[in-house]
Amino acid sequence: MPRSARRSNRWTPGSASSPSRAATSRLPPRSPSPPSWAAQLRERSSGVARHSLHLEGRAIDVRLAGVACAHLAGRALDLTRGGVGYYRRSDFVHLDTGAFRTWKG
């Protein structure tokens, strides 16, 4: 297949799947402080890190039906981006937008 005919999996500005200016201009501005739910989570939980990226809306704990968490963690590690924590006993993967690092819980 000629190089020009190959499809790219990378998003590029202006591509059909990119958000339009009109759509992104309607988004509310980012809050300078964590939302109130983050403060409530911090107060009520004993297992939350003091400076958790969850509290900034920059992290998520993931479990996908039909996908082994070990496989999901492995694919996330392949990206070498952000934080990837694999919690085998609790059966979830933590993903965040911080510096690349890995751990097992």
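Reading the values: the criteria
- Residues numbered from 1 in each chain as written.
- Predicted model: local features only at pLDDT ≥ 70, side-chain atom pairs only at ≥ 80, totals over all residues.
- Heavy atoms only, no water.
- Pairing = 2+ DSSP bridges.
- Helix = DSSP H or I, 4+ residues; strand = E, 2+ residues; numbered from the N terminus.
- Axes fitted to C-alpha atoms, helices over the stretch in contact; angles between N-to-C directions.
- Salt bridge = Lys/Arg side-chain N within 4 Å of Asp/Glu carboxyl O.
- Buried < 20%, exposed > 50% of the residue type's maximum accessible area, 1.4 Å probe, protein only.
- Contact = heavy atoms within 4.5 Å.

(A) Layout of the sheet that holds strand S4 (residues 101-104). One open sheet holds the four strands; their spatial order is S1-S3-S2-S4, and the pairing between them is mixed. Looking at which strands have only one partner, the edges of the open sheet turn out to be strand S1 (59-62) and S4. Strand-to-strand, the axes of this sheet are offset by a mean angle of 15°, without reference to chain direction. Pairing geometry for strand S2 (residues 83-87) and S4, over four bridges, is parallel. Note that in S4 the partner of Gly83 across the bridge is Arg101.

(B) Summary view of the pattern of salt bridges. A full pass over the atoms with the stated rule returns four salt bridges. Between Glu56 and Arg58 there is a salt bridge, with the nearest N and O atoms lying 3.4 Å from each other. Using a relative accessible area of 47% as the deciding quantity, one classes Glu56 as partly exposed. Between Asp96 and Arg101 there is a salt bridge, and its shortest N-O distance comes to 2.7 Å.

(C) How the structure looks around helix H3 (residues 69-78). Considered for burial, the residues of H3 that qualify are Cys69, Leu72, Ala73, Gly74 and Ala76. Contacts made by the buried residues of H3 are with S1, S2 and strand S3 (92-96).

By themselves, these figures tell us nothing about what the structure is for.
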